[in-house]
Amino acid sequence: SVPVSELVAVREEEEENRDDGSWKKIKESEGQDCGQAFTVLYVERCQRHRWRCAEVTFACADEALCQLWVSSIREQLATNTSRPEHLLVYINPCGGKRKAEHIYELKVAPLFARAGIRTHVIVTEYANHARDHLKTEAELKKFDGVVCVGGDGMFSEIIHGLIWRTQIDNGIDLNCPEETLLPCSLRIGIIPAGSTDCICFATVGTNDPVTSALHIIVGDSQPLDVCSVHHNSLFLRYSVSLLGYGFYGDVLTDSERKRWMGPARYDLSGVKMFLTHHYYEGTVSYLPARDAIGTPRDAARCRSGCAVCKHNGEKLSETAERYKMDGALDSGDHESDSEWRTIRGKFLAINGASMSCACPRSPKGLSPAAHLADGTTDLILVRKCSRFDFLRHLLRHTSKDDQFDLNFVEVHRVRRFRFTPRHCQSDSDLELDLRESGKRQIFSQICRDHPACGCTPAYSSWNCDGEILTHTAIDVRVHCQLIKLFARGIEEPTVFEDLA
Ligand SMILES: CCCCCCCCCCCCC/C=C/[C@@H](O)[C@H](COP(=O)(O)O)NC(=O)CCCCC
Ligand SMILES: Nc1ncnc2c1ncn2[C@@H]1O[C@H](COP(=O)(O)OP(=O)(O)O)[C@@H](O)[C@H]1O
Ligand SMILES: [Ca+2]
C-alpha cells in the first residue's frame, strides 16, 4: 500500500501512448477486453534517503469503474492543501559544476509537470538577483512556495529576500537584534546543484534533485531555525547552517579565489588552511539554552517529526505569549544578563552549527546532535592545539568517533552568542587579558600579507552559510522556526530499505 499523501499523480492510459508495449501486455495477459487503464505515480524509497517516482498501471474491464478510480484519486490529491500548485523557481547557472539549469530541465521540470504544478522560472543573471527580486518585485501572493536550484549560497539569497520582505511588510526593524522576527509564510524547496549542498543534505538526508523535487510535490513541511547576525546595531546576515570563524572562514575566503575549480576548490583550500594552522584570539560570550531539552553530545539525532524540536518550539512560543501578556517590551530571549558566560582564548575555529551541517564531505556533520528547529545553535570552540590534534578533530567529522571528546574542543548549546576579536576588545578587557596571562606583551595586529614574521594574523572572517562576512565582531541570535522548507527532516531507515 502507498499512503495517498505520497502519490505524485494519476494518469489515464491510452493504448497508443505506451511505447514499450507494457499496457498492451497487461491486456493480453489478462485475456480479456479491458476497457481502460490508469497509472498511479508514487514515491518509492531507495537506499540512503533517496526517493524515486515509481508507477504502476491498473487495467480494468469496466470503463466506468476505471473512471471512478481516476476521479477519486484526483479528488483526494486536490483536497490535500499542503501540496503546492504554483511555484516560483530561481536557478543559479553558476553554482557547483554549473549544471543547475540542466539538472532542473532534465530531472525536476518533468516531475513538476506530471504532478500538475505550474512554475515561473527565473535563471539568475548576477549574484543577489534572486534576493533582490524577492525583496522588491516578486508577486508572492501568486505562489505557494519558492524553489531554489543551486547551493547553500543560493538558498541564502532566497531566505534573505523572503525574511526581509516579511519583516518590512510588517514594520519590523531589521537592524535591531532584539526584535522578534515574524515567520515567513511561503515554504522553500531546495534542488541541490551547488558545491556543498549542506542545507539540503542535513534536512533531507541526501543531495539528490529527484528526491528534493518529490518532497516539494507531496507538500512536505519542515520548520527551520534562523540565526540573525548583527554588528552592534547593524544587520549583517541570516544563517541556517554554519557560522564559522577561523578554519572554515579561512577555507571559504581562500576558496573564493579558486571558484573556477568548482566544488574541488574546498578540498584544496582545506588542505592549505590546515597546513597554515592560523589561530585567532578573542572573546566568546554566550547565552546557554538552559531551558531546552537535549544536549550537543546526545546519542539521539534530529529526525523526521523530531520530539525535541516540537517540545522546545512549543515551550518557546508559550514563553513568548506569557511575556506578551505581561506587557514586556520585547519577548526577546527571556533570559537575564547574568546568564551570559564568557570565554577568552586562542582558537583555531569558532563554529556555530544551527543544524548538524551534514554533507557528503562529512556525513554526520559538524554537530551530529544539533536540531533543525529547536531554537538553539551549537557553539563549538576549538582551542589552539598542535596540527596533529587539529587533524584528529577534523578526521572525526568523517568517522563515527565523538568529535567533542578532545580536551581542546568544547561545545555549548546556546540561544545567542557574541564574538569580539582581540583587536576590537575594550581597553579594560585587554588589560584583564594581560593580567590573566601575567605577561606584558604589546599586542600587535599583524596582517596576513606579512607571513615572513611567522606571527598569526589578527583576524579571520566568518563563513556564514558559505558567504564571507566582512565584520569580525558579531552578535548572533537564534530565531526559532522562522522559515519552513519543503522537506520532512531525515527519515529513519525503513524495514524495506534495510533489506534492499
Ligand atoms: C583531513 C580531513 C578533513 C575533513 C574535513 C571535512 C569537514 C567538512 C565539514 C563541512 C561542513 C560544511 C558546512 C557547510 C558549509 C556550506 O554552507 C559552505 C557553502 O556551501 P556551497 O554554497 O554549497 O558551496 N561550504 C563550505 O564552507 C565548505 C567547507 C569545506 C571545508 C573543507
Ligand atoms: N547568475 C549568477 N552569476 C554569478 N553569481 C551568482 C549568480 N546567481 C547567484 N550567484 C551567486 O553565486 C554564489 C554561489 O552560489 P551557490 O548556488 O551557493 O553555488 P556554490 O555551492 O557552488 O557556492 C552565491 O553567492 C550566489 O549569490
Ligand atoms: Ca537548531
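Residues numbered from 1 in each chain as written. Chains lettered and ligands numbered in written order. Predicted model: local features only at pLDDT ≥ 70, side-chain atom pairs only at ≥ 80, totals over all residues. Heavy atoms only, no water.

The name given to the chain in an unreviewed UniProt entry is Ceramide kinase, with Tetraodon nigroviridis as the source organism.

Considerations on a nonpolar patch on the surface
Cut-off, in case you're wondering: Note that patches include only residues with greater than 30% relative accessible area and no salt bridge, and the join distances are 9 Å for like charges and 5 Å for nonpolar side chains (Val, Leu, Ile, Met, Phe, Trp, Tyr). Accessibility throughout is a Shrake-Rupley quantity obtained with a 1.4 Å probe, and a residue counts as covered only by protein chains that appear here. When a carboxyl oxygen of Asp or Glu is within 4 Å of a side-chain nitrogen of Lys or Arg, the pair counts as a salt bridge. Labels follow the DSSP assignment, with helices taken as runs of H or I lasting at least four residues and strands as runs of E lasting at least two, numbered in each case from the N terminus.
A grouping of L65, L68 and W69 is seen on the molecular surface, where their side chains present a nonpolar patch of about 320 Å² in accessible area. Relative to the helices and strands, L65 resides in helix α2 (residues 63-79).

Topic: the pairing of strand β5 (residues 118-123)
Defined as follows: For two strands to pair, DSSP has to find at least two bridges joining them. Place the viewer so that the strands point away; then a crossover is right-handed whenever the path from the first strand over the helix to the second strand goes clockwise.
As defined by bridge partners, strand β4 (residues 86-91) adjoins β5 across 6 bridges and the pair is classed as parallel. Looking at the pairing, H86 lines up with R118 of β5. In this region the chain leaves β4, passes through helix α3 (residues 100-114) and returns to the parallel neighbour β5; the handedness of that crossover is right-handed.

Points about the site of ligand 1
For clarity, the threshold we go by: The criterion for a residue being near a molecule or strand is simple. One of its heavy atoms has to lie within 4 Å of it. We define a polar contact as two N or O atoms separated by no more than 3.5 Å, with the added condition that, inside protein, one atom must be a possible hydrogen donor and the other a possible acceptor, whereas residues neighbouring each other in sequence contribute only through side-chain atom pairs. The classification used treats Ala, Val, Leu, Ile, Met, Phe, Trp, Tyr, Cys and Pro as nonpolar, Asp, Glu, Lys and Arg as charged, and all other residues, Gly among them, as polar. By convention here, the domain bounds are inherited from an automatic or database domain assignment.
In the vicinity of ligand 1 lie 20 residues, with D152, G153, T196, Y266 and N463 positioned nearest. One nitrogen or oxygen atom from the side chain of D152 is found 2.8 Å from an oxygen atom belonging to ligand 1. S195 is positioned with one of its backbone polar atoms (N or O) 3.4 Å from an oxygen atom of ligand 1. Within the complex, the protein chains bury 88% of what would otherwise be the 770 Å² of accessible surface of ligand 1. Every element with two or more residues in the shell around ligand 1 is listed here: α5 (152-169), α9 (265-276) and α11 (387-395). Residue classes in the shell around ligand 1 are distributed as 8 nonpolar, 8 polar and 4 charged. Shared between two domains, the shell around ligand 1 holds at least three residues of each, these being domain 2 (82-219) and domain 3 (224-313 + 339-424 + 456-479).

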